[in-house]
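# Descriptive structure summary
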Amino acid sequence: MTDAPPVLIILGPPGAGKGTQARMLEEDFGLIQLSTGDLLRAAVASGSDAGLRARAVMEAGQLVSDEIVLAILKDRMAEPDMARGIILDGFPRTAGQAAALDALLAASGQKVAAAISLEVDDEAMIGRISGRYTCAACGEGYHDSFKQPARAGVCDKCGGVSFTRRADDNAETVRERLRAYHIQTAPLIAHYENMGVLEPIAAMGPIARIQQELGTVLCRVTA
Ligand code: AP5
């Protein structure tokens, strides 16, 4: 076991299951899920200057500027719980963000332990995202067809009875998000392959099977 806390990245297009799997890894391994999408949505909800600048960009399905994303991420990474190890969900998304992450980690003698690339079919992602909803109280994710609460209308995790759907989860915006992914983010797969840390996972199957494969990768790279 290495001393430095592990830093893992989950790459994949919108709907690939990054958030679903990152939350389960957080529960199974005690790592912290760090989602730049969640951080940005919190900034929008707070009405901060960064949030106001990010809002229209997110609703159009485009990428928020590296400047805003890096500022929000660095603040979060400076918090003490990050010492448990991090699963980066939705970051990095551009070559500039990947270079900034490498530099940030190198400054404290760390590096990316694994970049897990969830491989999926684009067309299926539109259906996955259109059916998605989350518990308003705890953020647990559900889907109209693939993952419903055991008791209808009641969150399995916290018992909450109120659910929300994201403003950018409509077919038109999802197509734009997929386009942004292929142009700006998919090239990072080669970056992590060159670093020798790429872990591709076929992610069109059942959530539990993918969770098991990710767990195997995590055990191997942190051993
Ligand atoms: P973000 O919040 O990161 O959204 P995203 O990348 O578009 O990804 P999603 O959250 O939509 O999907 P996911 O892969 O997490 O899938 P999930 O597990 O929910 O970003 C939103 C926006 O913020 C961006 O468009 C951009 O504007 C901005 N942003 C964020 N980070 C940024 C950055 N670094 N730089 C610049 N801008 C940034 O699963 C989806 C659904 O499918 C769920 O209902 C789930 O239950 C279901 N599901 C999951 N796995 C399976 C499976 N195996 N089989 C069947 N159903 C499944």
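Heads up: the structure comes first, above all this text.
Residues numbered from 1 in each chain as written. Predicted model: local features only at pLDDT ≥ 70, side-chain atom pairs only at ≥ 80, totals over all residues. Heavy atoms only, no water.

### Regarding the packing of helix α6 (residues 122-130) against helix α7 (residues 171-185)
In a pair of packed helices, the angle between the axes and the distance between the axes together describe the arrangement. Where α6 meets α7, the closest approach of the two axes is 10 Å, and the angle between their N-to-C directions is 135°. Here α7 runs oblique to α6, going by the angle between their axes. Crossing angle aside, the handedness with which α6 passes α7 is right-handed. Together, D122, M125, I126 and I129 of α6 and A171, V174, R175, R177, L178 and H182 of α7 make up the contact between the two elements. Tallied by class, the residues present in the contact of α6 with α7 amount to six nonpolar, one polar and three charged. (Axes fitted to C-alpha atoms, helices over the stretch in contact; angles between N-to-C directions. Helix = DSSP H or I, 4+ residues; strand = E, 2+ residues; numbered from the N terminus. Parallel < 35°, antiparallel > 145°, perpendicular 65-115°, else oblique. Left-handed = near helix turned anticlockwise from the far one by under 90°. Contact = heavy atoms within 4.5 Å. Nonpolar A, V, L, I, M, F, W, Y, C, P; charged D, E, K, R; others polar.)

### Structural notes on the site of the ligand
Residues in contact with the ligand amount to 34 residues; listed here are only the nearest, T20, Q62, R93, R132 and R177. Between the ligand and the protein, one listed contact pairs an oxygen atom with a backbone N or O atom of Q62 at 2.6 Å. R132 places a side-chain nitrogen or oxygen 2.7 Å from an oxygen atom of the ligand. Against a free-state accessible area of 1,000 Å², the protein chains account for coverage of 96% of the ligand. When contributions to the shell around the ligand are tallied by element, the ones reaching two or more residues are α1 (18-29), α2 (36-46), α6, β6 (141-143) and α9 (207-222). When its residues are assigned to classes, the shell around the ligand shows 15 nonpolar, eleven polar and eight charged. (Near = heavy atom within 4 Å. Polar contact = N/O pair within 3.5 Å; in protein donor to acceptor, adjacent residues only side chain to side chain. Areas by Shrake-Rupley, 256 points an atom, 1.4 Å probe, with all protein chains shown as cover.)

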